[in-house]
Amino acid sequence: MVNQRWLRIIPLCLIMYTIAYVDRTNVSLSLDPTISTMMRDLMMDDKMKGMAAGIFFFGYMLLQIPGGIMASRWSTRKTISICLVAWGAFATGCGLAQTFGQFEWMRFFLGLSESAIFPATTILLTQWFPRTERARANSLWLLCQPLAVAGTAPITGVLLDQYGWRTMLVLEGILPFICLPFWWFFIRDHPREATWISAKEQNDLESTLSRESRDLEPALPISLWSRLLKPSIFAMILLYFLHNCAAYGCIYFFTTSLGSRDFNGLEKGFLLALPYALTAVLMLLNSWHSDKTGERRGHVAIAYLVSGASLILSVLTKNNFWLSYGFLCFAIPGPFVAMCPFWTIPAETLPKNLVGLVIGLVNAIGSGCGGFAGPYIVGWLKNEYHNTDLAFDLLGAGMLLNVALIYVVPKSKPRNLASSTDLIESL
């Protein structure tokens, strides 16, 4: 009875957002001057490289909150369909850019067109999967992030070697248009709208999800600003900012950190792909155990701890290439492995009418600002010191700080013992 949901909703979410992450992977490899001519063609230095990678996130944060509100109050299916059209147009536009300024604008509008995707998809899953399944549902669709790198980095490397960065970006920019009809005809916003599940399953899902939503409503009215101005919300924003600084600072400068070894595009693609393949496995294991135990914060903390320590150790062992690379393989998974249980927390600790707003707010500031700051800081420090050592040390320290910050975030109540008043007061 549950298989139809897992086989229909999750794969399309996975494919759709995998395409979004292709836009990060292909630019990461395009900006490597040893395998691509982009930096030379657009007359870029390392600081401009960080700007080109990061400006995407200026646009990306602008529609996070409106996107979350639109998805929760209007339609996740329609919101994402509109985004697919826009991001396909601007993704191909990146490959057609002739100057650095044109490329910056295309990246900015690409980020803007993708900005509603994350909160809308997160809300879609809360409308289809009860809390006992939610971390696994999050982990399966968020596999798109490591899979986009692990699966497409070698292909992107070959396209760069054979056809150049412009043709590669145009070809990969067409993918959202291919995904659009499948998304429009196969996805529905709520179980009650789906004709492909039984009436019994519709009723069971709707009643379970409604009951979980009612359990989170406060006994007495609480103003919106009182809910938003809680330390836990600020902790989530800062935590997700540092999280994304590390995630994107690493991906855009990963191949640069490999040193001066003479790898071609395909080889660098595989070296980039391996830690993200490991990430996919660790995401599934961590989310499965989080759902099994019902515990969220500890599963987030251990992922950040391993990531931060490994990133710092990769710098300390840089004279041994393969040992340093091995530590990087365990540093990169941390933000992604933490993300699955982390994004279950808003839906398990907040009233329904606040979930979309908080997800949009946290992702807008955390992902938007962090996604810009990470690559920009790494690029700036590399330009100053001619290596990524100090930058990666700072990113690792941020991951270790997140170990403490996650315990400021409210704890999910036991599944059958949640008290609405206590839950809201805990925020």
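It should be emphasised that the depicted structure is a prediction, and the values quoted were computed from it without experimental measurement. (Residues numbered from 1 in each chain as written. Predicted model: local features only at pLDDT ≥ 70, side-chain atom pairs only at ≥ 80, totals over all residues. Heavy atoms only, no water.)

1. Considering the overall build of the protein chain
So, step 1. Across its full length, the protein chain carries 23 helices and 0 strands.
So, step 2. With 427 residues in all, the protein chain has 60% of them scored as buried.
So, step 3. Within the protein chain, contacts between residues separated by at least 24 positions form 85% of all contacts whose residues are at least 6 apart in sequence.
So, step 4. Per element, the accessible surface of the protein chain, about 16600 Å² overall, is 66% carbon and sulfur. (Helix = DSSP H or I, 4+ residues; strand = E, 2+ residues; numbered from the N terminus. Buried < 20%, exposed > 50% of the residue type's maximum accessible area, 1.4 Å probe, protein only. Contact = heavy atoms within 4.5 Å. Areas by Shrake-Rupley, 256 points an atom, 1.4 Å probe, with all protein chains shown as cover.)

2. Re helix H17 (residues 297–316)
So, step 1. Under the 1.5 Å per step criterion, the end-to-end length of H17 is 29 Å for 20 residues, consistent within 8% with the ideal 28 Å.
So, step 2. Among all positions of H17, only Arg297, His299, Val300, Ala301, Ala303, Tyr304, Ser307, Gly308, Ser310, Leu311, Ser314 and Val315 are buried. (Expected span 1.5 Å × (residues − 1).)

3. Points about the packing of aromatic side chains
The way to describe two aromatic rings as a pair is by their centre distance and the angle between their planes.
So, step 1. All told, the structure shown has 17 aromatic pairs when counted by the stated rule.
So, step 2. Geometrically, the ring pair formed by Tyr240 and Phe342 is stacked, given 5.6 Å between the ring centres and 5° between the ring planes. Taken together, the residues span a long stretch of sequence, with Tyr240 in helix H15 (residues 231–257) and Phe342 in helix H19 (residues 333–342) at a distance of 102 residues.
So, step 3. Taking relative accessible area as the criterion, Tyr240 reaches 2% and is therefore assigned buried.
So, step 4. By relative accessible area, Phe342 is classed as buried at 0%.
So, step 5. Put simply, the rings of Tyr17, Phe118, Tyr240, Phe342 and Trp343 touch in pairs and so form one group of aromatic residues.
So, step 6. In this arrangement the basic side chain of Arg77 is found over the ring face of Trp184, its NZ or CZ atom lying 3.8 Å from the centre. (Phe/Tyr/Trp six-rings, centres within 6.5 Å; stacked < 30°, edge-to-face > 60°. Lys NZ or Arg CZ within 6 Å of the ring centre and 35° of its normal.)

4. What to know about the side chain of Gln202
So, step 1. Inspection of the secondary structure assignment puts Gln202 in helix H13 (residues 199–215).
So, step 2. Gln202 sits in the buried class, given a relative accessible area of 16%.
So, step 3. Beyond its immediate chain neighbours, meaning those up to four positions away, Gln202 contacts Pro191, Arg192, Ala194 and Ile197.

5. Topic: the pattern of salt bridges
Side chains carrying opposite charge are able to pair once their charged atoms draw close together.
So, step 1. Inspection of the entire model under this criterion finds 6 salt bridges.
So, step 2. Residue Glu201 pairs with Arg5 through a salt bridge whose shortest N-O separation is 3.2 Å. Residue Glu201 is located in helix H13, and its partner Arg5 is located in helix H1 (residues 3–30); the two are separated by 196 residues in the primary sequence. One exposure class covers both Glu201 and Arg5, and it is buried.
So, step 3. For Arg296, the salt bridge goes to Asp291, with nearest N and O atoms at 3.0 Å.
So, step 4. By relative accessible area, which is 3% here, Arg296 ends up buried. (Salt bridge = Lys/Arg side-chain N within 4 Å of Asp/Glu carboxyl O.)

6. Concerning the environment of Leu278
So, step 1. If you trace the backbone, Leu278 turns up in helix H16 (residues 265–293).
So, step 2. On a C-alpha basis, the gap between Leu278 and Cys329 in space is 7.5 Å, while along the polypeptide they are 51 residues apart.
So, step 3. Excluding residues within four positions of it along the chain, Leu278 makes contact with Cys329, Phe330 and Pro333.

7. Section: a nonpolar patch on the surface
So, step 1. A grouping of Val85, Leu171, Ile174, Phe177, Ile178, Phe182, Trp184, Phe185 and Phe186 is seen on the molecular surface, where their side chains present a nonpolar patch of about 850 Å² in accessible area.
So, step 2. If one sorts the elements of the nonpolar patch by residue count, helix H12 (residues 175–186) sits on top with 6 residues.
So, step 3. Along the chain, Leu171 falls in helix H11 (residues 165–173). (Patch = residues over 30% accessible without salt bridge, like charges linked within 9 Å, V, L, I, M, F, W, Y side chains within 5 Å.)

8. Overview of unusual backbone geometry
So, step 1. In this structure, Met43 takes a positive phi of about 55° despite not being glycine.
So, step 2. Relative to the helices and strands, Met43 resides in the loop between helix H2 (38–41) and helix H3 (46–54).

9. Details of the packing of H11 against H12
So, step 1. Between H11 and H12, the least distance of the axes is 5 Å, while the angle of their chain directions is 5°. What the angle tells us is that H11 and H12 run roughly parallel. Contacts between H11 and H12 involve Leu171, Glu172 and Gly173 on the former and, on the latter, Leu175, Pro176 and Phe177.
So, step 2. Taken together, the residues of the contact of H11 with H12 break down into 4 nonpolar, 1 polar and 1 charged. (Axes fitted to C-alpha atoms, helices over the stretch in contact; angles between N-to-C directions. Parallel < 35°, antiparallel > 145°, perpendicular 65-115°, else oblique. Nonpolar A, V, L, I, M, F, W, Y, C, P; charged D, E, K, R; others polar.)

10. Quick notes on the side chain of Glu104
So, step 1. Secondary-structure assignment places Glu104 in helix H7 (residues 100–114).
So, step 2. One buried charge, Glu104, has no salt-bridge partner; the nearest side chain with opposite charge is Arg107, at 9.5 Å.
So, step 3. Dropping the residues within four chain positions of it, Glu104 is found in contact with Met51 and Ile55. (Lys, Arg positive; Asp, Glu negative; His and termini not counted.)

11. Remarks on the confidence of the model for the protein chain
So, step 1. Looking at the protein chain, the pLDDT average stands at 80 and 89% of residues meet or exceed 70.
So, step 2. The secondary-structure element of the protein chain with the lowest mean pLDDT is helix H23 (residues 420–426), recorded at 37, while H17 shows the highest, at 92.
So, step 3. Predicted confidence is poor over residues 416–427, with pLDDT under 50, and the contacts of this stretch with residues over four places away or in other chains come to 24 contacts. (pLDDT = per-residue confidence, 0-100.)

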